[in-house]
Amino acid sequence: MAEAARIYIVEDDDDIREMLLYVLSDDYDAQGFASAPELDRALSRALPDLLLLDIMLPGQTGLQILSRLRSQRRTADLYVILLTAKGSEYDRVKGLNLGADDYVSKPFSVLELVARIKAALRRLPRAGQQSPQGGAATADGVLTMGAVSVDPQRRRVVVADAPVTLTYKEFELLTCLLRHPGMVFSRDRLMREVWGFDFEGESRTVDMHIRTLRKKLGPDGDGVIQTVRGVGYKADQ
């Protein structure tokens with residue numbers, strides 16, 4: 001029997017944390033923490049497959065934790081779902097800019113949150129493992145356009161011979177576009193292909209990930225991801 005996926009929940013509200021643990025523990029190895037130091041101790045022992053991260057935390061905020069995780073090689077591609085206050089667009093946008101893979105606004109639907117978790121875990125490699133290789137553009141599986149090269153097997157991105165660190169969703173977006181050069185993807189289709197589901201606010205989520213992806217690819221990767229006005233995005237030169 002396969003080992004259950006590991007999910008860490010960082011939430012200082014005891015009622016919400018215990019409710020999430022109750023809901024998730026039947027299917028997953030769910031562990032809850034109330035603060036950044038508790039999370040750090042757990043991360044030093046083992047990485048989770050997915051992290052639920054509340055923004056409003058005592059001491060170090062969820063956004064500060066996210067920024068720190070993305071800056072460290074070991075946790076740079078950890079899949080993170082932010083738990084945000086309803087109506088706090090600034091926090092959601094900032095979280096996406098910092099590399100969050102998804103967000104859920106409080107009060108949230110437990111069924112919707114579980115559906116997003118399941119959709120994410122279906123596409124994620126297990127912690128400490130490489131993801132399986134999909135379609136390949138060349139004999140060795142490396143996808144190349146201009147100065148940008150993506151190795152899906154090793155999950156490596158190189159731009160002009162320099163390695164680039166991407167979050168999980170940024171990597172999946174880039175890979176999806178490069179596997180279909182010249183094909184225009186609507187935002188809705190990118191949500192289905194990369195996130196695996198539809199949800200309100202998808203345009204902002206896709207746009208923010210494309211923006212951070214372009215920034216990380218830099219001048220040498222400029223122009224690989226093109227905007228098709230009124231439709232979506234494509235990889236072309």
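Keep in mind it's a predicted model, so treat the numbers as computed, not measured.

### Examining the overall build of the protein
At step 1: Counting secondary structure elements, the protein contains eight helices and 12 strands.
At step 2: Taking all 237 residues of the protein together, 49% fall into the buried category.
At step 3: Sequence-distant contacts, at least 24 apart, represent 58% of the contacts inside the protein between residues at least 6 apart.
At step 4: Surface summary for the protein: the accessible area is close to 11,600 Å², and the carbon and sulfur share equals 48%.

### Considering unusual backbone geometry
At step 1: The peptide bond linking Lys106 to Pro107 adopts the cis configuration, its omega dihedral lying at -10°.
At step 2: For Pro107, the location among the structural elements is in the loop between β5 (102-106) and α5 (110-123).
At step 3: Positioned with a positive phi, Arg155 is a non-glycine residue whose angle comes to about 55°.
At step 4: Tracing the backbone shows Arg155 in the loop between β7 (148-151) and β8 (156-159).
At step 5: Despite not being glycine, Asp161 shows a phi value in the positive range, around 70°.
At step 6: The topology assignment puts Asp161 in the loop between β8 and β9 (162-164).

### Remarks on the packing of aromatic side chains
At step 1: Within this structure, the stated rule accounts for two aromatic pairs.
At step 2: Ring centres of Tyr8 and Phe33 lie 5.2 Å apart, and the angle between their planes is 85°; on these two criteria the pair is classed as edge-to-face. Of this pair, Tyr8 sits in strand β1 (residues 6-10) while Phe33 sits in strand β2 (residues 29-33), and the two are 25 residues apart along the sequence.
At step 3: Using a relative accessible area of 2% as the deciding quantity, one classes Tyr8 as buried.
At step 4: With a relative accessible area of 8%, Phe33 lands in the buried category.

### Here's the deal with helix α3 (residues 62-71)
At step 1: By the burial criterion, the buried members of α3 are Gly62, Leu63, Ile65, Leu66, Leu69 and Arg70. Seen end-on, α3 carries its buried residues on one side only, within an arc spanning 155°.
At step 2: Turning to α3, the residues buried within the fold contact α2 (36-45), β3 (50-54), β4 (80-85) and α4 (89-98).

### Examining the confidence of the model for the protein
At step 1: For the protein, mean pLDDT is 84; residues scoring 70 or higher make up 88% of the total.
At step 2: Low pLDDT, under 50, characterises residues 130-139; the predicted model gives this stretch 16 contacts beyond four residues in sequence or across chains.

### Brief notes about the sheet that holds strand β6 (residues 143-145)
At step 1: As summarised here, the arrangement of the four strands in space is β6-β7-β8-β9, forming an open sheet in which the pairing is antiparallel. Both edges of this open sheet fall to β6 and β9, since each of them pairs with a single strand only. Between one strand axis and the next, the sheet turns through 25° on average, direction left out of account.
At step 2: Across three bridges, β8 lies against β9 in antiparallel orientation. Note on β9: the bridge partner recorded for Val159 is Ala162.
At step 3: Helix-sheet contacts for helix α6 (residues 168-178) involve β6, β7 and β8, and the interaxial angle to β7 is about 105°.

Conventions adopted
- Residues numbered from 1 in each chain as written.
- Predicted model: local features only at pLDDT ≥ 70, side-chain atom pairs only at ≥ 80, totals over all residues.
- Heavy atoms only, no water.
- Helix = DSSP H or I, 4+ residues; strand = E, 2+ residues; numbered from the N terminus.
- Buried < 20%, exposed > 50% of the residue type's maximum accessible area, 1.4 Å probe, protein only.
- Contact = heavy atoms within 4.5 Å.
- Areas by Shrake-Rupley, 256 points an atom, 1.4 Å probe, with all protein chains shown as cover.
- Phe/Tyr/Trp six-rings, centres within 6.5 Å; stacked < 30°, edge-to-face > 60°.
- Arc of directions from axis to C-beta.
- pLDDT = per-residue confidence, 0-100.
- Pairing = 2+ DSSP bridges.
- Axes fitted to C-alpha atoms, helices over the stretch in contact; angles between N-to-C directions.

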